[in-house]
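# Structural features, examined
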Amino acid sequence: MLNRRTLLAQTAGFAIAGLCAGKASAKVLPGIEKASMRGSINATALGVQPGALDDQSKAFTKLLNDASERDAPVFLPQGTYVVSNLRLPARLRLSGVPGATRIVYGGNGHLMMAEQAEHIELGGLVFDGSNRWLADYAQGLLDLRRVGHLVIDNCQVTGSGKNGLALEHVSGRVGRCDISGAADAGIYSVEAGGLEISGNTVSDCANGGILVHRWQQAEDGTLVSGNRVERIGARSGGTGQNGNGINAFRAGNVVISGNIVSDCAFSAIRANSSSNLQVTGNTCSRSGETALYSEFSFEGAVIGNNIIDGAANGISIVNFNEGGRMGVCANNIVRNLSTVGPYPADAPGFGVGISVEADTTVSGNVVENAPLYGMQIGWGPYLRNVVATGNIIRKAGTGIAVSVVEGAETAIISDNVIDGALNGAIIGQRWADPATADLAQSGNAGYAHLTVERNHVS
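Read on for a plain summary of the structure. (Residues numbered from 1 in each chain as written. Predicted model: local features only at pLDDT ≥ 70, side-chain atom pairs only at ≥ 80, totals over all residues. Heavy atoms only, no water.)

This paragraph deals with the overall build of the chain. Of regular secondary structure, the chain possesses 3 helices and 42 strands. By the burial criterion, 52% of the 458 residues in the chain qualify as buried. Long-range contacts, defined as pairs at least 24 residues apart, comprise 61% of the intrachain contacts of the chain with a sequence gap of at least 6. Accessible surface, the chain as shown: approximately 18900 Å² in total, 51% of it carbon and sulfur. For the chain, the distance from the average site of its 33 positive side-chain charges to the average site of its 39 negative ones is 12 Å. (Helix = DSSP H or I, 4+ residues; strand = E, 2+ residues; numbered from the N terminus. Buried < 20%, exposed > 50% of the residue type's maximum accessible area, 1.4 Å probe, protein only. Contact = heavy atoms within 4.5 Å. Areas by Shrake-Rupley, 256 points an atom, 1.4 Å probe, with all protein chains shown as cover. Lys, Arg positive; Asp, Glu negative; His and termini not counted. Charge placed at Lys NZ, Arg CZ, Asp CG, Glu CD.)

Right, here's the structure in full:
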């Protein structure tokens, strides 16, 4: 009788026989690791040796070119490889032992560059710039330009003399990487096409965390999600050009979601001239200036479901004077703001929870401990079509400041809860100066552009 034991024995025998037959018929190319079922090239078989004292750049270049011609992956065993001035070929799949395969920059130019590549994958590698000088032509430790499909996964990038990753005209994804100690930004992307930057840790960089830029305003479509960005400085100075955890500049259709951003010299998340922007579900702690910023010539910004704890200002959706308009600011928590920022503040000063100016709804937000204003609606004549409803403002200097300067247009302020505002619940402002009594008590006080009703003040 055929029982379970005999059946397993027979099928095991068939499997072994088949495997032996496969081995007998397989042909192995020179330099291909016999033990690899994927047919990857073992770097040591072609003269690249971990721990060698000499610079291995020539051997490394030959290895990469051979792999590109065969369209075969390359595996680097654990150890240290000192190289410089590598030009990556058109097609490359290079992997190592995560945390143990180290590619160290030897100096005198750049570490790795690519130009007009078709397909590049880098996985399980440590790239160490050793804080050494990079040539003027190099934008980063890994400088990758016009790559049709790029994957950088589970890598470490440390000690770059410029940007950690510099990506130009790149599509693909950067994920699960640890990027630290860059002298400029951790990840700098310009002119991307459908790039995904997700699940990375970017820390201790001198001027920026993750930068998504374009040379001119256009659709970009980069997805920045699930990253941890922390301890970002502004060594090169300025009033917002540097020091941001995540920064979109002229890049449209960008989604920034689910990131944890802390201890940035300026903004946790800053978008400049970026239309159709979504900033949702992020946690931002201890920002030096405005935590979340959508500014200058943008059309369309959704800022929702974020948590801000500690900043000079909370959320700003502003610069109607430059064409900035059309926003939704909803369901955010903003608290523990300060009147002290990284530079002397322009009027009205730091300490504002939420600022908006044009064609924007502000609803369902909770603002607590905003020493100047819980909310600022409009600035001078730059106010149009703002609805602020269903918000909670607690412990503020002024609860809501709204512009009553000539030229200011429609604002509806209704059904908000304002608790413990020291200088009035809702005050009309002429620029930075109070110009009315508390409008929560008197209604619009003769200002036809305002509707103020059903607010609860305590």
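Once the structure has been displayed, the description carries forward.
The final tally for this structure, using the stated rule, is 0 disulfides. Free cysteine cysteine 155: the closest other cysteine sulfur is in cysteine 177, separated by 4.9 Å. For cysteine 155, a relative accessible area of 1% corresponds to the buried category. Judged by its relative accessible area of 3%, cysteine 177 falls in the buried class. (Disulfide = S-S within 2.5 Å.)

What follows concerns the pattern of salt bridges. Evaluation of the coordinates by the stated rule reveals 23 salt bridges. A salt bridge links glutamate 299 to arginine 325, with the nearest nitrogen and oxygen atoms 3.6 Å apart. Of this pair, glutamate 299 sits in strand E27 (residues 299-304) while arginine 325 is found in strand E30 (residues 325-330), placing the two residues 26 residues apart along the sequence. Judged by relative accessible area, glutamate 299 falls into the partly exposed class, the value being 43%. We note a salt bridge from arginine 384 to aspartate 359, for which the minimum N-O separation is 2.6 Å. On the criterion of sequence distance, the pair formed by arginine 384 in strand E35 (residues 384-389) and aspartate 359 in strand E33 (residues 358-363) is long-range, its members being 25 residues apart. (Salt bridge = Lys/Arg side-chain N within 4 Å of Asp/Glu carboxyl O.)

Bear in mind that shape data such as this cannot, by itself, settle questions of function.
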